[in-house]
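Each chain, letter by letter, is given below.
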Amino acid sequence: MPARRSLAEEFASEAQEIAAWRRELHMNPELGYDLPRTAAFVADKLRAFGCDEVVEGIGRSGVVGLIRGAAPGPTMGLRADMDALPILEASGAPWASRAAGRMHACGHDGHTAMLLGAARRLARERDFAGRVAVIFQPAEEGGAGALAMVRDGLMERFEIAQVFGMHNLPGAPEGAFLMRPGPIMAASDQFDIAVEGRGGHAALPHACVDPVLTAAHVAVALQGVVSRAVDPLEPAVVSVTGIAAEGEAYNVIPARARLRGTARSLSEPVRALLEARVHEVARNVAAAYGAEARVDWTRGYPVTVNAPAPLALAARAARDVAGAAMVDEAAPPLMGAEDFAYMLEARPGAFIFIGAGDSAPLHNPAYDFNDRIIPAGCAYWLALTRRALPPHG
């Protein structure tokens, strides 16, 4: 009697076709919410698969397909992101971007293709009790598309009880799954600091209030926020990523300078502490040099937090696909940010990573999604559905 095929092996015969979908998306990247071709591609596939409902335009350009199982039950959401990045591609792949200055440098083309592959199988077999909402989201790359979909009534309209996301991770073993309870990705905030001094002749600094010198000291002082104000056991980052002053003359001390940067944290108390301390440090250091500093702080994506019960389902599904040796349930958190966090604020759920093997890093011009992980990614969505919505109760 032949050995039973694994879930990933079941998708092997479909992997080439799914990879072709991925490469079609890769050649035609679109940005933010402006996804007419991508969203139409997804919606057409979902209709062809026989989804019970296909709804477009949620969160401006998001697409949701609803698949009813063989028996009644709750609704779970499975989410993929669709948008690309404003990067000039240098992968050299035959399917490289045809749009100059735009590319899928984060693998959203692969995420979309894998969820489409799983949706086709779910719509065909329907061996689960409940409903699956396959969610294709716009504007993950800084546009908060997940929040737009939530505000547009995503959870209520489809009665979603729990929601799940997955992202590829270069450098992690190919086809492995990585996850952790609680915070898995950081909150991302940004700040702009305007330093007001008094300009004048560079040969007469004593008659000026130098905003450039002040800005430099503010930048150095901000490096002490994490090392001296935050508990050493709490992950946090404050990075100054730019300093600029008005004017270009060599012999003029300008009146104004600006700094910009980002802050990352894995808890709300630390997030609030970073915001407070950046304000205090900038204001007080500037005052010490006779200048004034004004901080404009913008909150970005919140912390991505996995709930215990959904994460347990995700772990079991990952083991079903890859085996226990290829599942890391205590992976370290990443200080990058992910707007799936907004969906996890709206409903309990889990966000995990699938290893992409040895490849260029995310957001790099040489990056290309590893098509060899497509069977494992599709199989994970199938296994997760069976775990979360078992057909026999």
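Relevant structure appears above.
Since the structure is predicted, the reported quantities are computational estimates derived from the model, not experimental observations.

Topic: the layout of surface pockets
Taken as a whole, the largest pocket spans an internal volume of roughly 570 Å³. In terms of lining, the largest pocket is formed by 25 residues, of which the most central are S188, R264, Y301, G336 and A337. Taken together, the elements giving at least two residues each to the lining of the largest pocket come down to β5 (160-169), β8 (187-196), β12 (256-265), β13 (292-299) and β16 (349-355). When its residues are assigned to classes, the lining of the largest pocket shows nine nonpolar, ten polar and six charged. Here the second largest pocket is characterised by a volume of approximately 200 Å³. Along the walls of the second largest pocket sit 14 residues, with S359, D368, F369, N370 and D371 positioned nearest its centre. Of the residues in the lining of the second largest pocket, the class split is five nonpolar, three polar and six charged.

A closer look at the sheet that holds strand β1 (residues 53-58)
Strand order in the open sheet made by the eight strands is β1-β2-β4-β3-β5-β16-β6-β15, with mixed pairing throughout. Each edge of the open sheet carries a strand with a single partner, namely β1 and β15 (327-328). Across five bridges, strand β3 (residues 71-81) lies against β5 in parallel orientation. Each bridged residue has a counterpart across the sheet, and for R79 the counterpart in β5 is G165. Running over the sheet, helix α4 (residues 108-125) touches β2 (62-68), β3, β4 (129-137) and β5 and is turned about 160° from β3.

A short note on the packing of α4 against helix α11 (residues 374-388)
Interaxial distance between α4 and α11 falls to 8 Å at its minimum, and their mutual angle equals 45°. Considering the angle they form, α4 stands oblique to α11. Between α4 and α11 lies a crossing whose hand is right-handed. Of the residues in α11, those touching α4 at M114, L115, G117, A118, R121, L122 and E125 are I374, G377, C378, W381, L382, T385 and R386.

Quick look at the nonpolar core
Residues L46, F136, F177 and Y380 are the most contacted members of the largest nonpolar core, which totals 64 residues. Ranked by residues supplied to this core, first place goes to α11 with ten residues. M149, V163, M343 and F353 belong to the second largest nonpolar core, which has 29 residues in total.

Here is what the cut-offs are and how they apply
Every chain begins its residue count from 1, and numbering advances along the sequence as written. At least 70 in pLDDT is required for a residue's local features to be given in this predicted model, at least 80 for side-chain atom pairs to be given and counted, and no such filter applies to totals for whole chains, interfaces and linings, which use all residues. In computing side-chain properties, one takes all heavy atoms of the structure into account and sets aside hydrogens as well as water. With a 1 Å grid spanning the protein atoms alone, the term cavity applies to any set of points in which a 1.4 Å probe fits but cannot get out, the term pocket to an open set with protein on both sides within 12 Å along at least five of seven lines, and the term lining residue to any residue with an atom within 4 Å of a point. Grid points are joined across faces, edges and corners, and a volume is the space filled by probe spheres set on the points. What counts as a helix is a DSSP run of H or I of at least four residues, what counts as a strand is a run of E of at least two, and both are numbered from the N terminus. Just so you know the grouping, Ala, Val, Leu, Ile, Met, Phe, Trp, Tyr, Cys and Pro go in nonpolar, Asp, Glu, Lys and Arg go in charged, and all remaining residues, Gly too, go in polar. Whether two strands pair depends on DSSP finding at least two bridges between them. We call two residues in contact whenever any of their non-hydrogen atoms come within 4.5 Å of each other. To get an axis, a line is fitted to the C-alpha atoms, and for a helix only the part in contact is used. The angle between two axes follows their N-to-C directions and goes from 0 to 180 degrees. By definition in this entry, angles of less than 35 degrees are roughly parallel, angles greater than 145 are roughly antiparallel, angles of 65 to 115 are roughly perpendicular, and the rest are oblique. Left-handed describes a crossing whose near helix is turned anticlockwise from the far helix through less than a right angle; right-handed describes the clockwise counterpart. Only buried residues count toward a nonpolar core, which is a set of Ala, Val, Leu, Ile, Met, Phe, Trp, Tyr and Cys residues joined through side-chain atoms within 4.5 Å. Three exposure classes are used, based on accessible area relative to the maximum for each residue type with a 1.4 Å probe and protein chains only: buried under 20%, partly exposed in between, and exposed over 50%.

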